[in-house]
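Fold and contact review
Here are the chains, one letter per residue:
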Amino acid sequence: MNVLTNLFNPDCIALDNPAKNRADAFAAAGELFAKQVGIDASSVVEFLNAREDLGSTALGAGVAIPHGRVKGLKQPTAAFMKLKDPIEFAAPDGELVSILIFLLVPEKATQQHLEILSSIAQLLSDSEAREKLISATDPTSVCDLLQQWGNTK
């Protein structure tokens, strides 16, 4: 089992999200997390913006991993978002971003946080996996791909 296996479920997958910019995407992520783990949506946006202010979480190749530490959170939680149209995200390669994996971890998380970020970065760096995520049309298939990635590597 990899560190992503229990992180995703179909309820935390948003496909063809209409966000037009980073603020819209973060607001939509806030709503996903509010439904999923009961965190106040505006607090999620604050945590994500605080991290993004340190430097872009875009990796390049059209993907980003916005993340943050959340006081009071008991375990890591994640959400996947595929945007209807790519947005500017200050990516190192200048490409617009259309795939975002949001990660929230407990305030005191250390090694586990780094392992999850590393696994997500490896997943998004795999061009075959990225293509499957981009072409996915339903939350269950995205969830399956995210949960099973790395088990066959």
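These lines cover the structure that appears in this document, whether it is placed above or below. (Residues numbered from 1 in each chain as written. Predicted model: local features only at pLDDT ≥ 70, side-chain atom pairs only at ≥ 80, totals over all residues. Heavy atoms only, no water.)

This brings us to unusual backbone geometry. One non-glycine residue, Asp16, adopts positive backbone phi at about 55°. If you trace the backbone, Asp16 turns up in strand 1 (residues 13-17). A relative accessible area of 48% means that Asp16 is categorised as partly exposed. Even without a glycine there, the phi angle at Ala90 is positive, about 55°. In this fold, Ala90 is placed in the loop between strand 5 (77-87) and strand 6 (97-106). (Helix = DSSP H or I, 4+ residues; strand = E, 2+ residues; numbered from the N terminus. Buried < 20%, exposed > 50% of the residue type's maximum accessible area, 1.4 Å probe, protein only.)

What follows covers the layout of surface pockets. Taken as a whole, the largest pocket holds about 350 Å³ of empty space. Taken together, 20 residues form the lining of the largest pocket, with Asn6, Leu7, Gln75, Pro76 and Thr77 sitting closest to its centre. For the lining of the largest pocket, the secondary-structure elements that each account for two or more residues are helix 1 (22-37) and helix 3 (111-125). Here the residues of the lining of the largest pocket sort into 10 nonpolar, 8 polar and 2 charged. (1 Å grid on protein atoms, 1.4 Å probe; cavity = no way out; pocket = protein on both sides within 12 Å on 5 of 7 lines; lining within 4 Å. Points joined across faces, edges and corners; volume = space filled by probe spheres on them. Nonpolar A, V, L, I, M, F, W, Y, C, P; charged D, E, K, R; others polar.)

Tallying each qualifying case throughout the model produces 2 salt bridges. With its nearest N and O atoms 3.6 Å apart, the salt bridge here joins Glu128 to Lys132. Taken as a pair, Glu128 and Lys132 lie in helix 4 (residues 127-135) at a separation of 4 residues, close to a single helical turn. Accessibility expressed as a relative area gives 43% for Lys132, which makes it partly exposed. (Salt bridge = Lys/Arg side-chain N within 4 Å of Asp/Glu carboxyl O.)

With that settled, consider helix 3. The first and last C-alpha atoms of helix 3 sit 21 Å apart over 15 residues, in line with the 21 Å expected at 1.5 Å per residue. All of the buried residues along helix 3 are His113, Ile116, Leu117, Ser119, Ile120, Leu123 and Leu124. Looking straight down helix 3, one finds that the buried residues subtend no more than 160° of arc, so they occupy a single side. On its buried side, helix 3 packs onto strand 2 (58-60), strand 3 (63-64), strand 4 (67-70), strand 6, helix 4 and helix 5 (139-148). (Expected span 1.5 Å × (residues − 1). Arc of directions from axis to C-beta. Contact = heavy atoms within 4.5 Å.)

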